[in-house]
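One letter stands for each residue in the lines below.
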Amino acid sequence: MSSSGVVLYQYPRAGRLESVSPFCVKVHLALKYKRLPYEVVDVHNRFLLGRITPRGRLPAADVGGERVVDSSDIVAALERLAPDPPLYPAESLLRARAQVYEDWADEVLYPYVLYWRWLIEPPHPTRAFAFLPIFLRPAAIAYYRHTVQQRLRYQGTGTKPESVVRNEIAAELAALSALLAGAGGPFLLGTAEPTIADIAVFAQIDGLYWKPLPQAMALLERHESIMTWYRAVDERTRGREGLNSPRDTP
Ligand SMILES: N[C@@H](CCC(=O)N[C@@H](CS)C(=O)NCC(=O)O)C(=O)O
């Protein structure tokens, strides 16, 4: 066990992305920003999730001897464990804005990330699911694609044609770009250091700024303010590992 006692249960890495799941990446970013050592347990089989958490979702983590589920609750528990450097602003209005950004990232941006990854630029069978024998990968992709489609339909985004979703994503990115340009500082709340708002939004944007998704990367690169902010968050959270370039598969 690591010296902090923190264990992160996650969906596995995908190339240089710490996890294929943006919510697991969000927890990695918080841990790295706080320079907390931690152990990672990869969950390859989602049917075994019930052994880790009855909620059947990842990430989950052991923090301070307790099993915590949901990236937002995990980051809050990390803040209690290691308050310095802080991820939550002390000032109440900034804190409220941070909460709204986090919810926007988790609830609005995430379905778009799923839609883009599975329906616009779906996984390539030879590159995805590297832990499976190659002949099983197309079936695994078909299964996950179907599951994601069902969830997205229920959530709403999956009922929309691709052209509509592309326009909606472009509008969200334009909004992010304008918010960053007007932030008055390098990070979303205008602060000198990143907050939970940056970590949460970055985790979703990072899920799109990824070499297997060249169209999404091109879309993001049209926004200079997003790219400047992306590099600043990346540098604060993992620059020391030299990973501040688009995530790639090996
Ligand atoms: N609100 C949760 C969302 C977590 C979530 O949706 N995780 C996905 C992976 S990105 C998951 O575990 N899905 C279950 C499955 O694939 O069966 C959080 O912030 O942790």
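Throughout this description, residue numbers start from 1 for each chain and increase along the sequence as written. Where totals are concerned, whole chains, interfaces and linings use all residues; where local detail is concerned, this predicted model gives features only for residues with pLDDT of at least 70, and gives and counts side-chain atom pairs only at 80 or more.

## Considerations on the nonpolar core
Here comes step 1: A set of buried residues qualifies as a nonpolar core if it consists of Ala, Val, Leu, Ile, Met, Phe, Trp, Tyr and Cys joined through C-beta atoms within 7 Å. Once C-beta atoms are placed from the backbone, each residue is buried if 20 or more other C-beta atoms lie within 10 Å of its own, exposed if 12 or fewer, and partly exposed for counts between those two. In this structure, A30, A61, I199 and L208 are the most contacted members of the largest nonpolar core, which totals 61 residues.
Here comes step 2: Per-element tally for this core: the top contributor is helix 3 (residues 92–120), with 10 residues.
Here comes step 3: A domain assignment, automatic or from a database, supplies the domain bounds used here. Among the domains, domain 1 (6–81) and domain 2 (92–241) are the pair contributing at least three residues each to this core.
Here comes step 4: Among residues more than four places away in sequence, those in contact with A30 are V75, L78, L87 and I199. In this text, helices come from DSSP runs of H or I with a minimum length of four residues, and strands from runs of E with a minimum of two, each type numbered from the N-terminal end. Working definition of a contact: two residues with C-beta atoms, positioned from the backbone, lying within 7 Å.

## Quick word on the sheet that holds strand 3 (residues 60–63)
The strands making up a sheet are joined through hydrogen bonds of the backbone, oriented either antiparallel or parallel.
Here comes step 1: Read from one edge to the other, the open sheet built from four strands follows the order 2-1-3-4, with strand pairing classed as mixed. Each edge of the open sheet is held by one strand with a lone partner, namely strand 2 (38–42) and strand 4 (66–69). Neighbour to neighbour, the strand axes of the sheet diverge by 20° on average, direction disregarded.
Here comes step 2: Pairing between strands is defined by DSSP: at least two bridges between the two strands are required. Pairing geometry for strand 1 (residues 6–10) and strand 2, over five bridges, is parallel. By the bridge assignment for strand 2, L8 is matched with V40.
Here comes step 3: Inter-axis angles, ranging from 0 to 180 degrees, are taken between N-to-C directions of lines fitted to C-alpha atoms, where helices are fitted over the stretch in contact. Helix 2 (residues 71–81) contacts strand 3 and strand 4 of the sheet and is inclined by roughly 15° relative to strand 3.

## Overview of unusual backbone geometry
Here comes step 1: Cis geometry marks the peptide bond from L58 to P59; its omega dihedral reads 10°.
Here comes step 2: Considering the arrangement of structural elements, one finds P59 in the loop between strand 2 and strand 3.
Here comes step 3: Note that the residue after D84, namely P85, is joined by a cis bond; omega there is 0°.
Here comes step 4: Counting through the fold element by element, P85 comes out in the loop between helix 2 and helix 3.
Here comes step 5: We note that D70 has phi near 95°; this positive angle belongs to a residue other than glycine.
Here comes step 6: By secondary structure assignment, the location of D70 is in the loop between strand 4 and helix 2.
Here comes step 7: Overall, D70 belongs to the partly exposed group, with 18 C-beta atoms counted inside 10 Å.
Here comes step 8: A positive phi angle, near 55°, is found at F129, a position not held by glycine.

## Remarks on the pairing of strand 1
Here comes step 1: Within strand 1, four of the five residues are buried, leaving the element largely enclosed by the surrounding structure.
Here comes step 2: A crossover links strand 1 with its parallel partner strand 2, the connecting element being helix 1 (residues 22–33), and its sense is right-handed.
Here comes step 3: Inspection of the sheet shows strand 1 paired to strand 3 by three bridges, in the antiparallel sense. Each bridged residue has a counterpart across the sheet, and for Y9 the counterpart in strand 3 is A60. Orient the strands so they point away from the viewer, and a crossover whose first-strand-to-second-strand path over the helix runs clockwise is right-handed.

## Brief notes about helix 5 (residues 162–181)
The periodicity of an α-helix, 3.6 residues per turn, causes residues three or four places apart in sequence to face the same way.
Here comes step 1: Multiplying one less than the number of residues by 1.5 Å gives the expected span of a helix. For helix 5, spanning 20 residues, the distance from its first C-alpha to its last is 28 Å, which sits close to the expected 28 Å at 1.5 Å a residue.
Here comes step 2: Three or more residues of helix 5 are buried, namely I169, L173, L176 and L180. The arc that holds every buried residue of helix 5, seen down its axis, measures 55°, which confines them to one face. More than 90 degrees from the buried face of helix 5, the exposed residues found are S163, V164, N167, A171, A175 and A178.
Here comes step 3: Where helix 5 is buried, its residues meet helix 3, helix 7 (214–221) and helix 8 (224–238). The directions considered for the arc run from the helix axis to the C-beta atoms.

Everything listed is a geometric property; what it means functionally is a separate question.
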